[in-house]
Amino acid sequence: MNAAHAHLVLNHIPLLGLLFGTVLLAYGQWRTKEEVQKVSLALIAFAGVSTLAVYLTGEPAEEIVEDLAHVSYDALEAHEDMGIYALWAGLLTGGSSIIALVIGALRGRLARWSVVFTLVLALGAVGLIGYTANLGGKISHPELREEQTSHVEYGAVWQEHASAQRTTASSAQRTCLSARCS
């Protein structure tokens, strides 16, 4: 497994972990179920800390794919620029989650303010990491890029290409017939 493959595999952990952890934490907070909150805080902590692994595989992954024909340099740079913010959002949220769990262990129960604070951070982190992941998807998926050519324009280009091929073939046949080639 090379760095690009590792980056693609790992990048799902923070996004999905934070997403599911945030939903679970909101549910636990709404229903005042401390066990659900503890599990979701642990999931958020793991997902938040995992952003470091994703970030560290990003640069080596870029080195592998940056010269490939289907890769968008602009999308690659935008993804890289947002990567540092996603890293800090994940680490801050994961750290907040760990602190909430430690405070809960010391007090014998979770502090409501620490859970709510972590929930707010997690909501922001999910949005930021989701946006960064979306930018990453645009690197080698031209169908996701806004500047993509529409199907109608692709059709027109294809028709022009096919017409040019027919014209070239017809003139080659006429040349061959006039020169009596077989």
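This one's a predicted model, so the numbers in the text were calculated from it and none came from an experiment.

*Asks:* In this structure, what is going on with the nonpolar core? I would like to understand it.
*Replies:* Where a protein is soluble and globular, its nonpolar side chains tend to be buried together. Of all hydrophobic cores here, the largest spans 15 residues; its most connected members are Leu18, Leu25, Leu41, Ile44 and Val115. Broken down by secondary-structure element, the contributors of at least two residues to this core are α2 (12–30), α3 (34–65), α4 (73–107) and α5 (112–140). Looking at this core, the element that brings in the most residues is α5, giving 6 residues. With sequence-adjacent residues up to four places away left out, Leu25 is seen in contact with Gln37, Ser40, Leu41, Ile44, Val115, Thr118 and Leu119.

*Asks:* Before we go on, may I ask you to explain the environment of Ser140 in this structure?
*Replies:* By the element assignment, Ser140 lies in helix α5. Considering only alpha carbons, one finds Ser140 and His70, 70 residues apart in sequence, at a separation of 5.8 Å.

*Asks:* Can you walk me through the confidence of the model for the protein in this structure?
*Replies:* Detailed reading of predicted coordinates is not advised where the pLDDT is low. Residues with a pLDDT of 70 or more make up 79% of the protein, whose mean pLDDT is 85. Put simply, helix α6 (residues 151–178) is where the protein has its lowest mean pLDDT, 50, and α2 is where it has its highest, 97.

*Asks:* Help me understand the side chain of Ser97 in this model?
*Replies:* Note on placement: Ser97 falls in helix α4. One polar contact links the side chain of Ser97 to the main-chain carbonyl oxygen of Leu41, over a distance of 2.5 Å. Setting aside chain neighbours within four positions, we find Ser97 in contact with Leu41, Ala42, Ile44, Ala45 and Thr118.

*Asks:* Can you walk me through the packing of aromatic side chains in this structure?
*Replies:* Think of a pair of aromatic rings as described by two things: how far the centres are apart, and how the planes are tilted against each other in angle. Summed over the entire model, instances satisfying the criterion amount to 1 aromatic pair. The ring of Trp30 has Arg31 sitting right over it, with the charged end atom 5.1 Å from the ring centre.

Conventions used here
Residues numbered from 1 in each chain as written. Predicted model: local features only at pLDDT ≥ 70, side-chain atom pairs only at ≥ 80, totals over all residues. Heavy atoms only, no water. Core = buried A, V, L, I, M, F, W, Y, C linked by side-chain atoms within 4.5 Å. Buried < 20%, exposed > 50% of the residue type's maximum accessible area, 1.4 Å probe, protein only. Helix = DSSP H or I, 4+ residues; strand = E, 2+ residues; numbered from the N terminus. Contact = heavy atoms within 4.5 Å. pLDDT = per-residue confidence, 0-100. Polar contact = N/O pair within 3.5 Å; in protein donor to acceptor, adjacent residues only side chain to side chain. Phe/Tyr/Trp six-rings, centres within 6.5 Å; stacked < 30°, edge-to-face > 60°. Lys NZ or Arg CZ within 6 Å of the ring centre and 35° of its normal.

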